[in-house]
Amino acid sequence: MGFPEGFMWGGASSAYQIEGAYKADGKGLNVWDVYTHQPGHVKHFENGDVACDHYNKYKEDVALFKELGIKCYRFSINWPRILPNGVGEVNEAGIKFYSDLIDELIKAGIEPVVSLYHWEYPHELFKKGAWLNPESPLWFEEYVKVVVDAFSDRVKYWMTINEPQCVVGCDYMTGSHAPFMKHERCDLILMVHNVLLSHGRAVKYIREHAKQPGKIGIVPTAPVFVPKDNSKEAIEEARAKTFDMRNAGLFSVSLWSDPIFLGKYPEECKEFFGDSMITPSKEDMDLISQELDFYSCTIYYSSSTPVPDNVQYKENEYQGDPRTTINWVVHEDVMYWMCKFMYERYKKPIFVAENGMANMDWVSLDGKVHDPQRIDFTHRYLLQMKKAIDEGVPALGYIHWSVMDNFEWAHGYSQRFGLIYVDYATQKRTIKDSGYWYREVIENNGGNL
Ligand code: GCO
């Protein structure tokens, strides 16, 4: 069987990670713009002020994406670039930038996939309490309205919120992402609910007002446990652990997918949030659980690795395990189990929104970038996706993270995830070996894997 016809092979990025031009042409500031300028948060005190200068080099970049042969490009809109204060006045220059980018993509035969929110929270709204403010879903809807009104004549694919786990968990619980804060669980559950309501409002607006029927999803990350063998018991155990919210807490799959796809918060919320757990109205849950078109998620590593005797390691580690430079364990089986588990529970075709690896890349003496590890990594994960498809899991696409090297959040520029190498000093781009390899995979619709 293999990858279905029309399978969407893609590459991804996000606004803050590549755009730069952080103050250009009337853009307002987001929380990353502001708080990376305070020391202590990001490795080497780096920031995205310039990043890959994609704002100025987008035409060159789209030409390179075309060379990669990708069928779709997932990118995010930098909220305060188009609404400098988050709400209110619209910055026409910001609209023009994304409009030109979309035109350029379409001209290159690349389907735009728009992430509405990939962490570029407007600083002006942060000062009003951000997701803790009960008005925050309305602010998000106002933003979505501007985006959808301007681009839905050309954009069909929408992903509402990227990794909502990180939006609340990393930004406001662990404090590892901007605005680098640590809140108590009584605040966190209110934020969770407001993020989900924001998603719901976005879906409703797109369904009711987009200029063409939209294909809509949300992008949680998926901490998935892999069964230790193929026995029925082991599979059940892994499935139960994957969806039991107590294992990953705020980062769990179920906290962010059950309300949307099953219309209710997981039972374990009562334990996790204790007395702070809310009792949402039916109206809220109806808004949150509107029909989506696919199950999308990011998937990099597993929450468990089935090797014996790993007692002194974490459940997903073992002696001598293969790791990427960001220290994540390589374990491709997680792709297969993610596809199986998510399809069985949420009953939607799978659209992988992110998968990839950080590698030790540099430009070799021959002027090329040789990254055999990334080729092997992607090959392994894609074979696992194919296995799931062969067993009957419907799938829409696979989007590689990332199209190009970029600002990796608190790691700054120390981690390279791209299919295209970026020399930050000169802004010179070089397609890596993996980029050419990926092109061949796409040309063969995965038939050569
Ligand atoms: C995330 C984001 C990306 C990351 C990528 C590698 O998953 O954290 O969506 O912006 O850069 O996942 O960490």
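Parameters and conventions
- Residues numbered from 1 in each chain as written.
- Predicted model: local features only at pLDDT ≥ 70, side-chain atom pairs only at ≥ 80, totals over all residues.
- Heavy atoms only, no water.
- Near = heavy atom within 4 Å.
- Polar contact = N/O pair within 3.5 Å; in protein donor to acceptor, adjacent residues only side chain to side chain.
- Areas by Shrake-Rupley, 256 points an atom, 1.4 Å probe, with all protein chains shown as cover.
- Nonpolar A, V, L, I, M, F, W, Y, C, P; charged D, E, K, R; others polar.
- Helix = DSSP H or I, 4+ residues; strand = E, 2+ residues; numbered from the N terminus.
- Buried < 20%, exposed > 50% of the residue type's maximum accessible area, 1.4 Å probe, protein only.
- Contact = heavy atoms within 4.5 Å.
- Salt bridge = Lys/Arg side-chain N within 4 Å of Asp/Glu carboxyl O.
- Axes fitted to C-alpha atoms, helices over the stretch in contact; angles between N-to-C directions.
- Parallel < 35°, antiparallel > 145°, perpendicular 65-115°, else oblique.
- Core = buried A, V, L, I, M, F, W, Y, C linked by side-chain atoms within 4.5 Å.

Draft legend 1. Here's a closer look at the site of the ligand. If you check the shell around the ligand, you find Gln-17, His-118, Trp-119, Asn-162, Glu-163, Tyr-300, Trp-328, Glu-354, Trp-401, Glu-408, Trp-409 and Phe-417 and nothing else. Glu-408 has a polar side-chain atom sitting 2.6 Å from an oxygen atom of the ligand. Within the side chain of Trp-409, one N or O atom sits 2.9 Å away from an oxygen atom of the ligand. Computed on the free molecule, the ligand has an accessible area of 320 Å², of which 95% lies beneath the protein chains in the complex. Split by residue class, the shell around the ligand holds 6 nonpolar, 3 polar and 3 charged.

Draft legend 2. Geometry of the environment of Pro-259. The topology assignment puts Pro-259 in helix H12 (residues 253-262). For Pro-259, a relative accessible area of 0% corresponds to the buried category. Remark: the alpha-carbon pair of Pro-259 and Glu-60, spanning 199 residues in sequence, is separated by 41 Å. In this structure Pro-259 touches Leu-196, Ser-254, Lys-264, Tyr-265, Pro-266, Met-285, Ile-288 and Ser-289, once residues within four positions along its chain are discounted.

Draft legend 3. Fine view of the pattern of salt bridges. Throughout the structure, instances matching the rule amount to 37 salt bridges. A salt bridge links Glu-19 to Arg-81; its shortest N-O distance comes to 2.9 Å. Separated by 62 residues along the polypeptide, Glu-19 in the loop between helix H1 (15-18) and helix H2 (31-35) and Arg-81 in helix H4 (residues 79-82) bring together distant segments of the chain. With respect to burial, Glu-19 and Arg-81 carry one shared label: buried. Close ionic contact of Glu-237 with Lys-241 constitutes a salt bridge, the shortest N to O distance being 3.8 Å. Here the residue Glu-237 and the residue Lys-241 both occupy positions in helix H10 (residues 232-243), the gap between them amounting to 4 residues, near one helical turn. On the basis of relative accessible area, Lys-241 is assigned to the partly exposed category, the value being 24%.

Draft legend 4. Structural detail: the packing of helix H3 (residues 54-68) against helix H5 (residues 92-107). Two elements in contact, H3 and H5, have axes whose closest approach is 10 Å; the angle formed by their N-to-C orientations is 10°. Viewed along their axes, H3 and H5 adopt a mutual orientation that is roughly parallel. Judged by residue contacts, His-54, Tyr-55, Tyr-58, Lys-59, Val-62 and Phe-65 of H3 engage Ala-93, Phe-97, Asp-100, Leu-101, Glu-104 and Leu-105 from H5. Residues belonging to the contact of H3 with H5 are distributed by class as follows: 8 nonpolar, 1 polar and 3 charged.

Draft legend 5. Main features of the nonpolar core. Counting residues in each nonpolar core, the largest one holds 139 residues, and the members touching the most others are Met-338 and Met-342. Looking at which element gives the most residues to this core, the answer is helix H9 (residues 185-209), with 11 residues. Leave out the neighbours within four places in its chain, and Met-338 touches Ala-222, Val-224, Cys-297, Ile-299, Tyr-343, Ile-350 and Val-352.

Coordinates in, geometry out; function isn't part of it.
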